[in-house]
Amino acid sequence: MENLLSIEKSQSGRRGVRFEKTAKHDYLPSDVLRTSAPKLPEMSEFDTVRHFTRLSQQNYSLDGQFYPLGSCTMKYNPKAYDVLSVLEPFANAHPFAPESAVQGTLRVMYELQELLKEITGLSAFTLQPAAGAHGELTGILTVRAYHDAHKNSSRTEVIVPDTAHGTNPATANMAGYTVVNIKSAADGCVDKQALQAALSDKTAAVMLTVPNTVGLFEKDIREIADMVHKAGALLYMDGANFNALIGLAKPADFGVDVMHLNLHKTFAAPHGGGGPGSGPVGAAKHVAPFLPKPIVEKKDGKYTLLGEMPQSLGKMKAFYGNIAVVLRGYCYLRQFDAATLKNIAEKAILNANYVRAKLKGKFDAFFDVNCMHECVLSIDPAKMNGVHTADVAKRLLDYGFYAPTIYFPLIVPEAMMIEPTETESKETLDAFVGALEKIYDEIFANPQLVHDAPHTQPVSRIDEVSAARQPNLRW
Amino acid sequence: MFTPHTKQDEQEMLAAVGVSSVKELLNKIPADLLYPNYHLPAALTEQQLTAHLHALAAENKPLKNFIGAGMYRHFIPAAVPALSGRGEFLTAYTPYQAEASQGTLQTIYEFQSCICALFDMDVATASHYDGATALAEAVLAAHRVTGREEVIVSSLLHPHYKEVLATYTRHSAVRLTEAKPTSEGTLDVQALKNQVSDKTACVVISTPNFLGYVEQAGEISKIAHEKGALLVAQVNPLSLGLLQTPGSYDADFAVAEGQPLGNPVSFGGPGLGIMTAKKAYMRQLPGRMVGIAKDKNGKRAFVLTLQAREQHIRREKAASNICSNEAICALNAVIYLTLLGPQGLKEVAELNVERAHQLAEKINKVKGFKVLSVAPFFNEFVVTCPVPASEVIEKLAAKGIGAGYDLGQTCEQMKNALLVCATELSTPEDISAYISALEEI
Ligand SMILES: Cc1ncc(COP(=O)(O)O)c(C=O)c1O
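Calculation notes
Residues numbered from 1 in each chain as written. Chains lettered and ligands numbered in written order. Predicted model: local features only at pLDDT ≥ 70, side-chain atom pairs only at ≥ 80, totals over all residues. Heavy atoms only, no water. Axes fitted to C-alpha atoms, helices over the stretch in contact; angles between N-to-C directions. Helix = DSSP H or I, 4+ residues; strand = E, 2+ residues; numbered from the N terminus. Parallel < 35°, antiparallel > 145°, perpendicular 65-115°, else oblique. Left-handed = near helix turned anticlockwise from the far one by under 90°. Contact = heavy atoms within 4.5 Å. Expected span 1.5 Å × (residues − 1). Buried < 20%, exposed > 50% of the residue type's maximum accessible area, 1.4 Å probe, protein only. Near = heavy atom within 4 Å. Polar contact = N/O pair within 3.5 Å; in protein donor to acceptor, adjacent residues only side chain to side chain. Areas by Shrake-Rupley, 256 points an atom, 1.4 Å probe, with all protein chains shown as cover. 1 Å grid on protein atoms, 1.4 Å probe; cavity = no way out; pocket = protein on both sides within 12 Å on 5 of 7 lines; lining within 4 Å. Sits in = over half its atoms within 2 Å of the grid points. Nonpolar A, V, L, I, M, F, W, Y, C, P; charged D, E, K, R; others polar. Pairing = 2+ DSSP bridges. Right-handed = clockwise from strand over helix to strand, strands pointing away. Core = buried A, V, L, I, M, F, W, Y, C linked by side-chain atoms within 4.5 Å. Domains from an automatic or database assignment. Buried area = accessible area lost by both parts, 1.4 Å probe. Salt bridge = Lys/Arg side-chain N within 4 Å of Asp/Glu carboxyl O. Points joined across faces, edges and corners; volume = space filled by probe spheres on them.

J.: Before we move on, can you summarise the packing of helix 12 (residues 338-359) of chain A against helix 14 (residues 426-445) of chain A with the specific residues and values?
T.: Residues and elements named next belong to chain A. Running from amino to carboxyl end, helix 12 crosses helix 14 at an angle of 30 degrees, the nearest separation of the two axes being 10 Å. Between helix 12 and helix 14, the interaxial angle falls into the category roughly parallel. Helix 12 and helix 14 meet at a crossing whose hand is right-handed. In this structure, helix 12 uses N351, Y354, V355, K358 and L359 to contact helix 14, whose residues at the interface are K426, L429, D430, F432, V433, L436 and E437.

So this is what it looks like as structure tokens:
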């Protein structure tokens with residue numbers, strides 16, 4: 001049966017909420033009023049509850065299923081944070097309330113800034129960015145403000161490896177830079193010769209993801225940082241994969257000048273079906289004055305946003321950041337000490353390597369080496385009875401697992417990127433490996449079964465092209 | 001423990017990988033970078049963490065709130081968080097695997113539909129970060145569409161939005177200039193007429209504007225369109241339960257901070273960037289959109305669509321770098337709109353208007369205080385005070401009242417001006433308390 005839309009269930013006169021009646025209706029002149037009612041559904045509260053509950057049941061989610069989506073760090077989101085991040089005094093704190101009335105919120109922000117400084121070794125953090133990509137833009141605009149202040153406006157290029165997430169080149173372009181793409185070396189890491197050839201007095205920054213998107217640590221990171229700095233450029237680190245490093249190493253020690261973190265990945269904030277996230281940006285001492293304003297400071301025992309930041313790039317969004325998500329990140333870092341964080345990173349790495357090792361021979365890693373927190377497999381349809389990565393991904397849904405990230409990174413043909421995270425047990429990983437082994441057998445015994453997957457979902461394989469041809473984006 | 005591994009699991013897994021310790025897997029990390037010292041606080045148990053967060057929350061002081069200025073406290077029906085907080089929604093990722101994400105996808109389609117209906121616009125995206133970033137991206141799109149560089153921005157735009165717009169356009173060809181206000185707290189339409197030219201990419205208005213007053217959007221729209229410029233309107237979505245829609249005055253892009261629709265103020269974030277446009281500009285919009293498709297049996301299905309605009313396909317040529325957005329906030333909004341329906345939305349909008357007008361009337365009767373303008377307003381307006389607004393705010397805070405926003409922060413001439421907001425949550429008792437507190441100044 002097809003799911004009805006709310007508007008298809010609508011019955012004239014039904015409603016879910018009512019408000020007090022007003023005494024008068026003529027406060028406003030008629031020429032500023034809307035002339036017809038909006039076409040919104042008319043439903044009772046119960047209709048609405050059942051409608052959205054039914055929809056929720058048509059979703060795979062981390063709470064329900066193993067969700068090994070590479071580069072997304074789908075780790076368990078503790079229920080305590082759901083409650084604590086929306087305590088009334090936090091949820092009702094107005095961003096323009098007198099600071100004396102919001103000391104609790106400001107203190108959480110300040111303490112999180114301090115904690116993030118400690119785990120990265122950087123000198124300052126802004127909590128303003130709303131997501132990872134927004135953090136990237138913040139970071140690259142910070143770089144730009146730094147160069148401008150040093151009368152270095154002739155630096156017009158940002159170097160991005162071909163393994164980078166699409167947000168990296170898109171960010172550099174939004175910041176007004178020309179993107180210089182460089183090819184990776186055969187081992188999946190930065191090709192130092194290619195980097196050297198691309199670096200010049202035009203280079204503003206190099207954007208590196210560490211560990212990179214093929215799940216490998218940039219072994220020459222310090223040398224790379226030296227090359228970048230020698231050219232007068234800054235090293236930007238995309239910290240989307242920081243779950244592999246938390247408690248193990250500090251980016252500042254690598255020579256990183258600016259980086260972003262994703263609280264909705266490493267710090268256990270849920271992804272919400274697309275957000276909201278939070279992408280704090282950290283900077284080394286020489287770059288810190290250029291971060292967006294304001295940053296929370298502590299003065300005479302009070303927390304304040306009123307400090308001067310004369311060299312700041314300005315504001316990246318209205319107000320101060322996604323504070324409800326910031327609260328979750330704060331909870332996470334208060335629940336775990338340094339030893340536990342180290343254990344978290346180590347177990348994330350162990351889990352990824354375990355899956356990689358168990359699948360070897362059937363689904364091989366593209367780079368046959370030990371990986372960090374995720375492993376990237378590659379399928380050769382010629383050797384797999386014509387089955388593609390997308391088919392395997394869809395078939396996994398039938399086995400009750402969400403699919404890995406597929407067709408990213410772009411340098412790996414038919415990529416399948418698996419990030420189990422540390423919160424998954426060996427039993428779950430074994431079941432997942434077992435499902436992939438069964439799919440491997442199906443590929444040869446009954447490839448059509450795999451081609452036609454999924455068979456168990458609310459809808460079968462969707463023709464995505466049909467949606468773009470004549471877009472229907474609303475009722 | 002956060003990690004479920006038993007000692008035995010760990011041993012078996014290490015053996016399967018063929019190493020004797022995890023440290024062996026870290027051999028690419030230079031040894032002297034590994035295992036630095038950390039100075040982190042002791043780990044808290046869940047019980048301790050709960051007590052700690054409650055103690056921190058208690059450091060926030062509850063206020064009878066009359067502060068708006070871009071974030072508005074409204075009543076949130078219990079069903080909103082109860083539904084959006086379901087783990088099936090909350091712990092899913094962006095719906096990349098459409099067949100296993102029909103729930104999330106359909107809610108986004110319904111969100112886009114409700115927003116288009118509310119705004120009278122052709123298309124809406126799945127969401128943007130917040131009102132300010134949505135506005136900045138709309139301006140960049142208008143610049144791309146028209147190929148023109150001059151952008152005329154209402155001087156009565158929210159100061160944070162102005163700053164974000166400046167940040168986002170600083171390294172593009174866009175040049176920002178301001179449209180002047182009248183002393184009545186709305187834009188000077190005549191002056192604007194002389195300002196708009198065939199070099200103008202777009203005119204950006206805010207209505208109700210930052211001072212709370214409704215602009216003559218229809219007039220301004222005509223002025224812009226006569227010169228081939230676009231109109232970008234930033235609105236309060238809740239006001240559209242009652243006020244004229246961006247579609248009705250022919251806006252090309254309309255954006256909003258969607259927080260008033262079922263989301264708490266949360267010290268300013270997360271917000272909900274609402275981004276809408278005319279159909280002609282659909283392919284210029286940043287971020288995710290959900291459309292209807294067919295599955296292979298011909299059944300209706302929902303998918304992310306028009307992805308050829310986006311960073312994961314287009315990389316440096318993408319319309320924007322946005323990836324994650326504000327999905328749960330959009331879910332809150334669509335549940336809120338579904339619960340209220342057209343009638344409930346009109347009622348809550350009327351209640352906002354009534355409470356704000358009752359408050360304004362009463363303030364006008366307090367000696368020395370005066371409402372600035374007779375221009376129409378929704379739930380917010382300006383009061384000129386006999387003393388600096390900062391002083392009023394301080395005195396009322398001491399009585400547990402959030403008096404409003406000090407307009408002196410943005411402009412020295414306005415230092416006695418207070419921006420005051422009342423919503424359906426401002427009870428008659430709260431309003432009386434506010435008036436008594438003003439009388440004592
Ligand atoms: C490596 C990498 N960088 C950046 C991003 C963008 O982060 P966000 O979606 O929070 O904007 C992602 C998200 O998938 C990522 O995996």
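Structure shown, so let's carry the discussion forward.
J.: Break down helix 12 of chain A for me, with residues and values.
T.: All names here are of chain A. An ideal rise of 1.5 Å per residue puts 32 Å on 22 residues; helix 12 measures up with 32 Å between its terminal C-alpha atoms. Counting buried positions over the 22 residues of helix 12 gives 17, a clear majority of the element. Looking one or two residues past helix 12, G361 carries a phi angle of roughly 100 degrees, positive in sign.

J.: With reference to specific residues and values, describe the site of the ligand.
T.: Close to the ligand lie 15 residues, the nearest being S71, D238, H264 and K265 of chain A together with S324 of chain B. With respect to the ligand, its neighbouring residues span chains A and B. Here an oxygen atom of the ligand and a side-chain polar atom of S71 of chain A are 2.4 Å apart. Between the ligand and the protein, one listed contact pairs an oxygen atom with a side-chain N or O atom of N262 of chain A at 3.3 Å. Relative to its free-state accessible area of 390 Å², the ligand is covered by the protein chains to the extent of 99%. In a pocket analysis with a 2 Å cut-off to the grid points, the ligand is assigned to the largest pocket. Examining the composition of the shell around the ligand, we find that three residues originate from one element, helix 6 (residues 132-149) of chain A, more than from any other. Here the shell around the ligand is composed, by residue class, of five nonpolar, seven polar and three charged.

J.: Any chance you could break down the pairing of strand 3 (residues 150-154) of chain B for me, citing the residues and the numbers?
T.: Both faces of the sheet carry side chains from a regular strand, because those side chains alternate between them. All names here are of chain B. For strand 3, the buried fraction is high: five of the five residues fall into the buried class. As defined by bridge partners, strand 3 adjoins strand 4 (residues 175-179) across five bridges and the pair is classed as parallel. Along strand 4, the bridge assignment pairs V153 with E178. Following the backbone out of strand 3, through helix 7 (residues 159-169) and into the adjacent parallel strand 4, one traces a crossover that is right-handed.

J.: So, the sheet that holds strand 5 (residues 234-239) of chain A: which residues are in play, and what are the values?
T.: Residues and elements named next belong to chain A. Across the sheet, seven strands lie side by side as 1-7-6-5-4-2-3; this open sheet has mixed pairing. One side of each edge strand has no neighbouring strand; the edge strands of this open sheet are strand 1 (124-126) and strand 3 (178-182). When strand polarity is set aside, the average angle formed by the axes of neighbouring strands in this sheet is 25 degrees. Of the pairings in the sheet, the one linking strand 2 (residues 157-161) to strand 3 comprises five bridges and is parallel in character. By the bridge assignment, I159 is partnered in strand 3 with V180. Against the sheet, helix 5 (residues 103-120) contacts strand 1 and strand 6 (258-261), and its axis sits at roughly 125 degrees relative to strand 1. Packed onto the sheet, helix 6 meets strand 1, strand 4 (203-209), strand 5, strand 6 and strand 7 (281-283) and runs at close to 170 degrees relative to strand 5.

J.: Can you break down the nonpolar core residue by residue, with the values?
T.: Counting residues in each nonpolar core, the largest one holds 244 residues, and the members touching the most others are F363 of chain A together with F381 and Y434 of chain B. Excluding residues that lie within four positions of it along the chain, F381 of chain B makes contacts with L211, Y213, A356, L359, A360, I363, V371, L418, L419 and V420 of chain B. Counting residues in hydrophobic clusters, the runner-up holds 76 residues, among them I462 and A467 of chain A together with C329 and V348 of chain B.

J.: Got a sec to walk through the domain arrangement of chain A? Specific residues and values, please.
T.: All names here are of chain A. With domains assigned, chain A is organised as domain 1 (41-70 + 338-468) and domain 2 (82-335). When each unit is reduced to the centre of its C-alpha atoms, the spacing between domain 1 and domain 2 is 29 Å. In this complex, domain 1 contributes 21 residues to the contact, which on the side of domain 2 involves 25 residues. Of the roughly 1,700 Å² buried between domain 1 and domain 2 on both sides combined, carbon and sulfur atoms contribute 71%. Taken as a group, L341, F367 and M372 account for 31% of the area that domain 1 buries against domain 2, more than any other trio of residues on that side. At the boundary of domain 1 with domain 2, the tally comes to zero salt bridges. Along the contact surface separating domain 1 from domain 2 lie three residue pairs in polar contact (both at pLDDT 80 or more). For the side of domain 1 that touches domain 2, the residue count by class is 15 nonpolar, two polar and four charged.

J.: How would you summarise empty space enclosed by the protein if you had to cite specific residues and measurements?
T.: Space left empty within the atom packing is revealed by a probe, the size of a water molecule, rolled over the atoms. For the structure on display, the rule yields nine cavities of 30 Å³ or more. The volume enclosed by the largest cavity comes to roughly 220 Å³. Residue lining of the largest cavity: 19 residues in total, with G70, Y72, P208, Q234 and N236 of chain B positioned closest to the centre. Taken together, the residues of the lining of the largest cavity break down into nine nonpolar, eight polar and two charged. Here the second largest cavity is characterised by a volume of approximately 90 Å³. Looking at the second largest cavity, the residues that line it are G272 and G273 of chain A together with F89, T104, T107, I108, F111, A327, I328, A330, L331 and V334 of chain B. Secondary structure elements with two or more residues in the lining of the second largest cavity: helix 5 (102-119) and helix 11 (327-364) of chain B. Top element by residues in the lining of the second largest cavity is helix 11 of chain B. It accounts for five residues. When its residues are assigned to classes, the lining of the second largest cavity shows eight nonpolar, four polar and no charged.

J.: A description of the domain arrangement of chain B should follow, citing residues and the corresponding values.
T.: Residues and elements named next belong to chain B. As far as domains go, chain B holds domain 1 (64-75 + 341-439) and domain 2 (79-336). If you average the C-alpha positions of domain 1 and of domain 2, the two centres end up 27 Å apart. Contacts between the two partners involve 31 residues from domain 1 and, on the opposite side, 26 residues from domain 2. For the pair domain 1 and domain 2, the summed buried area comes to about 2,300 Å², and 70% of that belongs to carbon and sulfur atoms. Of all residues in domain 1, M71, L345 and F378 bury the most surface against domain 2, accounting for 28% of the area lost on that side. Across the contact surface, domain 1 and domain 2 share zero salt bridges. Where domain 1 packs against domain 2, one counts six residue pairs in polar contact (both at pLDDT 80 or more). Those elements that place two or more of their residues in the side of domain 1 that touches domain 2 are helix 11 and strand 12 (380-384).

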